[in-house]
Every structure is written in structure tokens, then in C-alpha cells.
Amino acid sequence: DIFGFENFQVNSFEQMCINYANEKLQQYFNQHIFKLEQDEYTKEQIPWDSIQFVDNQECLDLIEKKPICVLSMLDEECKFPNGSDASLLEKLHSKMEKHKFYVRNKRSRTAFGILHYAGEVQYESPGFLDKNKDTLFDDLVLLIQASRTAFISGLFADKEAAGGAGA
């Protein structure tokens, strides 16, 4: 793994985000080093031996492809007044269980797994909703509002536009 893939004894939202970024980097690398280069060789009629590589698009689809993916389900659960990490996990199991890159952990009531290009990682769902909420600290909102650039200060002209600043 060249991109810093993480798999600890306990993995949470942060590791999922890091591993998601690494999946994107791996795909970019594969696309540009293998696929596009091989396409160019074919186009220029240069003799070459085909290089087989793992396409991680299906794993990325599990995480990011709307309308139903891990990230969209997490965002949706954050909008529900009674949304919880437990209800998110139930919905993930219900909607994703048949996806070949999703792993339902049958020994844990709080974890789910993703088969990343670098291996399976089990993620502990407690804290996912809180960590996913996009709130800014009051001092950051005030700093943005005080900008001399109209565009920047206008981004948060209304303090509530920050998503409930003060977290």
C-alpha cells in the first residue's frame, strides 16, 4: 500500500475517511498508470503485454455512489431527529448486505466492514453521526465573517449558515 491505508484494532469514522481517500488515490493511480497508458500503447500500436490490475470501482461505489451508498446513508441519518449510530448500522446492513464489498459483522452489534483494495477493515459505528456533522467553531465563523473579501465574508453572513456553530 503506497497511500497510508489504515486498519487498527478499533477503526472509526476517521479511518473510514482516510481509507476512502486512499481508495480514490489507488483508483487514480490505476487509471493513469495502467489503463490510460495501455490505451495509449494500443492507440499508437506499440507492442506491449497487458498488465492486470485490481479495479476498485465497486468498493468506491459502495462508499460514494448515490443514491444509496455509505456516505449518503450517513448524511441522511444525520438529518433525522432521532437518527443514531445504531439505526445507521441497521440501515447499512439492510441496504448493503448483498454488496460484494460490504461485510456484515455477525459477531458485533456495532461494526460493519468494507473490503478495501488493501484488505478488509471493520469499522465501529458509534460516533459516526457526531463526527459527520459539519459544524464550525464560533471563532472560525467570526474570522470568516470578518474577512475584507466580500465573497468570503458573505459565505457566513448569517451565523446559523455555519450549521449551528459552536460545536
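Here, the structure is the one placed above.
Residues numbered from 1 in each chain as written. Predicted model: local features only at pLDDT ≥ 70, side-chain atom pairs only at ≥ 80, totals over all residues. Heavy atoms only, no water.

Visitor: So, the overall build of the protein: which residues are in play, and what are the values?
Guide: Along the protein, the regular secondary structure elements total seven helices and three strands. Mapped from its N terminus to its C terminus, the protein presents α and β elements in the order α-α-α-α-β-β-β-α-α-α. The C-alpha atoms of the protein give a radius of gyration of 20 Å, which is well past the 15 Å a tight globule of 167 residues would have. With respect to the three principal axes, the spread of C-alpha positions in the protein is 60 × 50 × 30 Å. Looking at the protein as a whole, 32% of its 167 residues are labelled buried. (Helix = DSSP H or I, 4+ residues; strand = E, 2+ residues; numbered from the N terminus. Rg over C-alpha atoms; globule rule 2.2 N^0.38 Å. Buried < 20%, exposed > 50% of the residue type's maximum accessible area, 1.4 Å probe, protein only.)

Visitor: Tell me about the pairing of strand β2 (residues 111-116), residues and numbers included.
Guide: Of all six residues making up β2, five are buried, and the element is well covered by its neighbours. Sheet analysis places strand β1 (residues 102-104) next to β2, joined by three bridges and oriented antiparallel. Directly across from Y102, in β2, lies its bridge partner I114. Counting the residues that bridge the hairpin from β1 to β2 gives six residues. Sheet topology places β2 next to strand β3 (residues 119-124); six bridges connect them, and they run antiparallel. What sits directly across from G113, in β3, is Q122. (Pairing = 2+ DSSP bridges.)

Visitor: So what's going on with the sheet that holds β3? Which residues, and what values?
Guide: With respect to topology, three strands assemble into an open sheet ordered β1-β2-β3, the strand pairing being antiparallel. The strands lining the two open edges of the sheet, one partner per strand, are β1 and β3. Taken over all neighbouring pairs, the strand axes of this sheet differ in orientation by 30° on average, direction set aside. (Axes fitted to C-alpha atoms, helices over the stretch in contact; angles between N-to-C directions.)

Visitor: Tell me about a nonpolar patch on the surface, and name the residues and values.
Guide: Together, F137, L140 and L143 make up an exposed nonpolar region whose accessible area comes to about 320 Å². With respect to the element layout, L143 can be found in helix α6 (residues 138-145). (Patch = residues over 30% accessible without salt bridge, like charges linked within 9 Å, V, L, I, M, F, W, Y side chains within 5 Å. Areas by Shrake-Rupley, 256 points an atom, 1.4 Å probe, with all protein chains shown as cover. Salt bridge = Lys/Arg side-chain N within 4 Å of Asp/Glu carboxyl O.)

Visitor: I'd like a rundown of helix α1 (residues 13-43), residues and numbers included.
Guide: Look at α1: 43 Å from first C-alpha to last across 31 residues, which is about the 45 Å you get at 1.5 Å a residue. At Q31, α1 shows its largest bend, some 35°. Restricting attention to buried positions, one finds in α1 the residues F13, Q15, M16, N19, N22, E23, Q26, Q27, N30, F34 and Q38. Positive backbone phi, approximately 55°, marks Q45, located one or two places after α1. (Expected span 1.5 Å × (residues − 1). Bend = angle between axes of the 7 residues up to and from the residue.)

Visitor: Mind laying out the nonpolar core, listing which residues take part and the relevant values?
Guide: Within the largest apolar cluster, 22 residues are counted, with the highest numbers of intra-cluster contacts made by M16, L92, F112, I114 and F128. Sorting the residues of this core by element identifies α1, α2 (57-64), α3 (70-79), α4 (85-96), β2, β3 and α5 (128-132) as the ones contributing at least two each. Ranked by residue count, the leading element in this core is α4, at four residues. Not counting residues up to four positions away in its chain, the partners in contact with F128 are S12, F13, M16, L74, D85, L88, F112 and Y123. (Core = buried A, V, L, I, M, F, W, Y, C linked by side-chain atoms within 4.5 Å. Contact = heavy atoms within 4.5 Å.)

Visitor: Can you tell me about the packing of α3 against α4, naming the residues and giving the values?
Guide: Taken N-terminus to C-terminus, the directions of α3 and α4 make an angle of 145°; their axes are 10 Å apart at the nearest point. α4 is crossed by α3, and the crossing has right-handed handedness. Residues V70, M73, L74 and E77 of α3 pack against S87, L88, K91, L92, K95 and M96 of α4. Within the contact of α3 with α4, the residues separate by chemical class into six nonpolar, one polar and three charged. (Left-handed = near helix turned anticlockwise from the far one by under 90°. Nonpolar A, V, L, I, M, F, W, Y, C, P; charged D, E, K, R; others polar.)

Visitor: Talk me through the side chain of N19; I want residue IDs and the actual numbers.
Guide: Checked against the element boundaries, N19 lands in helix α1. According to the relative accessible area criterion, N19 is buried, its value standing at 0%. For N19, the side chain forms a polar contact with the side chain of Y123, separated by 2.9 Å. Among residues more than four places away in sequence, those in contact with N19 are F5, E6, H116, V121 and Y123. (Polar contact = N/O pair within 3.5 Å; in protein donor to acceptor, adjacent residues only side chain to side chain.)

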